[in-house]
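# Analysis of the macromolecular model
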Amino acid sequence: MDRKDIIRGVMEKEYQISPEAVELICSSNSPEALLRYVLSTVNDSVIVIGTEHIDLEGFAAFSAGESLSDKVDVFCTEKKKIFSGASILSSRSDNPSSKPSSLLVPDSLSESTLSLKPDIVTAAPDPIIKSSKDSVPDSVSVQDMLQEVAYEPALDTPNTLDAPNTLDTPNTLDAPNTLDTPNTLDTPNTIDTKSSVTSSDQTSASYLASDSLSSVKTEPLTFLSHSSQAINRSNSLFFGQENSLPSSPSNRIFRAEQSSSSSERGIFSSSRDEYKHYPGKNPVTVVSDITGHSTCVGEYMQFVQYFRDRYSRLSEIIRGRINARPIESLKRRNFRRGGDAGSEEISIIGMVSDISSTTNGHKILSLEDPTGSFSVLIRNSDKELFEPASRILLDEVIGVTGSITNDGSLMLATKLIQPDVPNNIQRRTGSHGKAVLISDVHVGSSKFLEDAWLDFLDFLKGESDSEDMRELAASVRYLVVAGDIVDGIGIYPDQEMELDILDVYEQYKKAAEYFREIPEHIRVIISPGNHDAVRQAEPQPALPENIQAYFPENTVFVGNPAFLELDGIRLLIYHGRSIDDLVASVPGVSYQEPAGAVLEMLKRRHLAPTYGSRVSISPEKRDYFIIDPVPDIIHTGHVHTLGVQRYKNVLLVNSGTWQDQTEFQKRVNLVPVPARVPIVDLESFDVKILAFD
């Protein structure tokens, strides 16, 4: 058994392994038996198998006793039960031969998958969302197969799910041609996507990991695809339908951040000792931020973990408002024998894997949870329900209440429930002073409005001509920048024609000169955007330390997104790239009213609901885009327009820009609103807009 076989065996069980552990197993007299022993005894919480997980004394004692192969086969069988399918969440079947159609984690990765170098992942063009007439390729590369995991999450067991003990029927949903209801409804056209996998002959050393996630070494990962605003995905896609072919998870290159810590940080999920505190007269606490905590190298299980976290957390929010049943329980009922179809309304919670329309204009949503998938019909005659249903996005988690058709194959929806913000959300009080919210400075661009920016700096320094402006400036405690400090290099076509500074480091040095003019008593907080010198995949870490060194000491650098406390006030910063997706997908959302897009995020309690569109999302263990808890202020930028809105005691602010209209913006008909500055009173949450043009 050579090193490649050891790596492959470990990957089949969804683990990583350190090079030292590989050498230790390989040098054993019985490497195959030792590997099987290690895999059968390693704790389920372990991600990277190191030398400390290899118990040679235990292995020797074990080998001297019972037949090793017999005992390890038992262990491996039990391990397989744990890692296979929806048995992770509930006992699906007492029949070991019955195979669920919706798997959370595959029994094993194919040999061709294991032999693939994970450095480059290529995806086919995205199909169109509704009844597409585009041809589906007969085969797909191994790279494409790895892309599929972006839509195949596995979820933790929801404690409140009323899951049945057994289910011997498959979960595959066959859309009925006719419904046993008074009105005949047309079913949507469906596409069965099938793919064959081509194998590769080399096993990449990138599957090796050190015994600490903090020192994972990997080549930069690249996702290449065509952008799409509408994605067609077949049933059971999130939870592992084998032959489903989703669109790619990204249309941008992302550079995997070298992690400096393997700890998992979530918003208010751990001890406050883990938070970053910046004390002083204007204190800042960084509650949630990816900086230094990224573990993503683009492997299969990381996509699984990402979607597992997304579903479990959002469904828990909805479950606090409805008593939802697992989808499995709907299929378990014997409706065809005259059960209780239509006699009661029931509720389910699921992730939207497909949206389609019938020929009569009704809408059908395909929902998935850890137990299976189910179709939900929204009739166009129900105007109060059909309008919000037309705003539902792929990949968002929703609850649905309705009745089941007589044949037990379709839910007729009467109510849709989004995670949303509770009506009784309380606004925090007790702070004082002002916070200035800006974004999209774009230093280095020839379109940078330097005169207006210098006037703004004069205001912060208390050098305005107006006494009222000087008093206002004296009350400013925080300056929060939501990304795009500089214009960057190579961000859009022909950008170099509109740059005054052609070196990105020189751009940051110039920006730092400006920020040094800001009075020291003002705490400056800088988050990156898509023009900044960090990875393009979100969540983005803070600017690198060599760039941070240019800026004054009163500057705090955070990632994108970042959840902060400013002297007790909860502030969520997000640059706002997903606004592009929401403008393209949600009726009524526009660049002219960007706060409306942020409102749609808040209703879904997620900053980037659709995975695989314009926003490239790194599959971290924890979904940093979930809005939980509810902040007092959400600050976004990116679209260069100004918008302020309030929703259930949450203040939504999209700040403008300091850059005039570029040639690229002219081509896409984007009219910026430059040199406008929202100033928020941290006690009353009143907003003033100052103009410096």
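Now for a look at the structure at hand. (Residues numbered from 1 in each chain as written. Predicted model: local features only at pLDDT ≥ 70, side-chain atom pairs only at ≥ 80, totals over all residues. Heavy atoms only, no water.)

## Points about the overall build of the chain
Helix and strand counts for the chain stand at 17 helices and 22 strands. Buried positions account for 59% of the 693 residues belonging to the chain. In the chain, the proportion of contacts linking residues at least 24 apart, taken out of those at least 6 apart, comes to 74%. If you sum the accessible surface of the chain, you get close to 27,500 Å²; carbon and sulfur atoms cover 46% of it. (Helix = DSSP H or I, 4+ residues; strand = E, 2+ residues; numbered from the N terminus. Buried < 20%, exposed > 50% of the residue type's maximum accessible area, 1.4 Å probe, protein only. Contact = heavy atoms within 4.5 Å. Areas by Shrake-Rupley, 256 points an atom, 1.4 Å probe, with all protein chains shown as cover.)

## Looking at the side chain of Asp681
Within the element layout of this structure, Asp681 appears in strand β21 (residues 676-681). In this structure the side chain of Asp681 is engaged in a polar contact, spanning 3.2 Å, whose partner is the backbone nitrogen of Ser684. The residues contacting Asp681, other than those within four sequence positions of it, are Gly433, Lys434 and Asp686. (Polar contact = N/O pair within 3.5 Å; in protein donor to acceptor, adjacent residues only side chain to side chain.)

## Details of the sheet that holds strand β20 (residues 650-654)
With mixed pairing, seven strands are arranged side by side in an open sheet as β5-β6-β16-β17-β18-β20-β19. In this open sheet, the two edge strands, each paired with only one partner strand, are β5 (276-278) and β19 (643-647). Shown here is a sheet whose adjacent strand axes are inclined to one another by a mean of 20°, direction ignored. Here helix α16 (residues 594-604) sits on the sheet in contact with β18 (633-636), β19 and β20, set at roughly 35° to β19. (Pairing = 2+ DSSP bridges. Axes fitted to C-alpha atoms, helices over the stretch in contact; angles between N-to-C directions.)

## Focus: the packing of aromatic side chains
Taken as a whole, this structure holds 19 aromatic pairs when the rule is applied. On the basis of an interplanar angle of 50° and a centroid distance of 5.4 Å, the ring pair of Trp453 and Phe456 is categorised as tilted. Residue Trp453 and its partner Phe456 are both found in helix α11 (residues 450-460); the two are separated by three residues, about one turn of the helix. Judged by relative accessible area, Phe456 falls into the buried class, the value being 0%. The rings of Phe448, Trp453, Phe456, Phe459, Tyr514, Phe515, Phe551, Phe557, Trp658 and Phe692 are connected pair by pair, giving a single aromatic cluster. (Phe/Tyr/Trp six-rings, centres within 6.5 Å; stacked < 30°, edge-to-face > 60°.)

## Some thoughts on the sheet that holds strand β22 (residues 687-691)
Strands sit in the order β15-β14-β13-β12-β21-β22 across an open sheet of six strands; the sheet is mixed. Each edge of the sheet is formed by a strand with only one pairing partner; in this case those strands are β15 (555-557) and β22. Going across the sheet, the axis of each strand differs from the next one's by a mean of 20°, ignoring polarity. Across five bridges, strand β13 (residues 476-482) lies against strand β14 (residues 523-527) in parallel orientation. Opposite Tyr478, over in β14, you have Arg523 as the bridge partner. Across the face of the sheet, helix α12 (residues 467-474) comes into contact with β12 (434-438), β13, β21 and β22 while running at roughly 80° to β13.

## Quick word on unusual backbone geometry
Residues Asn560 and Pro561 are joined by a peptide bond in cis, for which omega reads 0°. As for its position among the elements, Pro561 is in the loop between β15 and β16 (562-566). With an omega of 5°, the peptide bond running from Asp628 to Pro629 counts as cis. Looking at the element boundaries, Pro629 is found in the loop between α16 and β18. Phi is positive for Lys648, which is not a glycine, with a value near 50°. By relative accessible area, which is 26% here, Lys648 ends up partly exposed.

## Concerning the pattern of salt bridges
Applying the stated criterion to the full structure yields 20 salt bridges. With its nearest N and O atoms 2.7 Å apart, the salt bridge here joins Asp309 to Arg313. Residue Asp309 and its partner Arg313 are both found in helix α8 (residues 300-319); the two are separated by four residues, about one turn of the helix. Residue Lys461 pairs with Glu517 through a salt bridge whose shortest N-O separation is 3.1 Å. One end of the pair, Lys461, is in the loop between α11 and α12; the other, Glu517, is in the loop between α13 (504-515) and β14, with 56 residues separating them in the sequence. Owing to a relative accessible area of 29%, Lys461 belongs among the partly exposed residues under this scheme. (Salt bridge = Lys/Arg side-chain N within 4 Å of Asp/Glu carboxyl O.)

## Describing the nonpolar core
If you look at the biggest cluster of nonpolar residues, it comprises 45 residues, and the most contacted ones within it are Leu602, Ile634 and Leu652. If you list the elements that add at least two residues to this core, you get α8, β7 (346-357), α15 (578-585), α16 and β20. A total of seven residues in this core trace back to one element, the largest contributor, which is α8. Formed by 41 residues, the second largest nonpolar core is a distinct cluster that contains Ala511, Ala512, Val534 and Tyr550. (Core = buried A, V, L, I, M, F, W, Y, C linked by side-chain atoms within 4.5 Å.)

## Considering the side chain of His362
Examined against the element boundaries, His362 turns out to sit in the loop between β7 and β8 (363-369). Owing to a relative accessible area of 8%, His362 belongs among the buried residues under this scheme. At 3.2 Å, the side chain of His362 forms a polar contact with the backbone nitrogen of Asn380.

## Describing the pairing of β8
In terms of burial, β8 is largely enclosed, as seven of its seven residues are buried. Alternating positions in β8 separate into two faces, Lys363, Leu365, Leu367 and Asp369 on one and Ile364, Ser366 and Glu368 on the other, with burial throughout. Relative to β8, β7 is paired through six bridges, and the arrangement is antiparallel. Bridging from a neighbouring strand, Ile355 pairs with Leu365 of β8. A loop of five residues connects β7 with β8, the two strands running antiparallel in sequence, and Gly361 in this loop sits at a positive phi of about 90°.

## Here's the deal with the pairing of strand β11 (residues 410-417)
In terms of burial, β11 is a largely internal element, six of the eight residues being buried. Note that strand β9 (residues 372-378) and β11 share three bridges and pair parallel. Paired with Ser375 across the two strands is Leu410, which belongs to β11. By the bridge criterion, six bridges tie strand β10 (residues 397-404) to β11 in an arrangement that is antiparallel. Counterpart to Thr401 in the pairing with β11 is Lys415.

Keep in mind that these numbers describe shape and distance, not what the molecule does.
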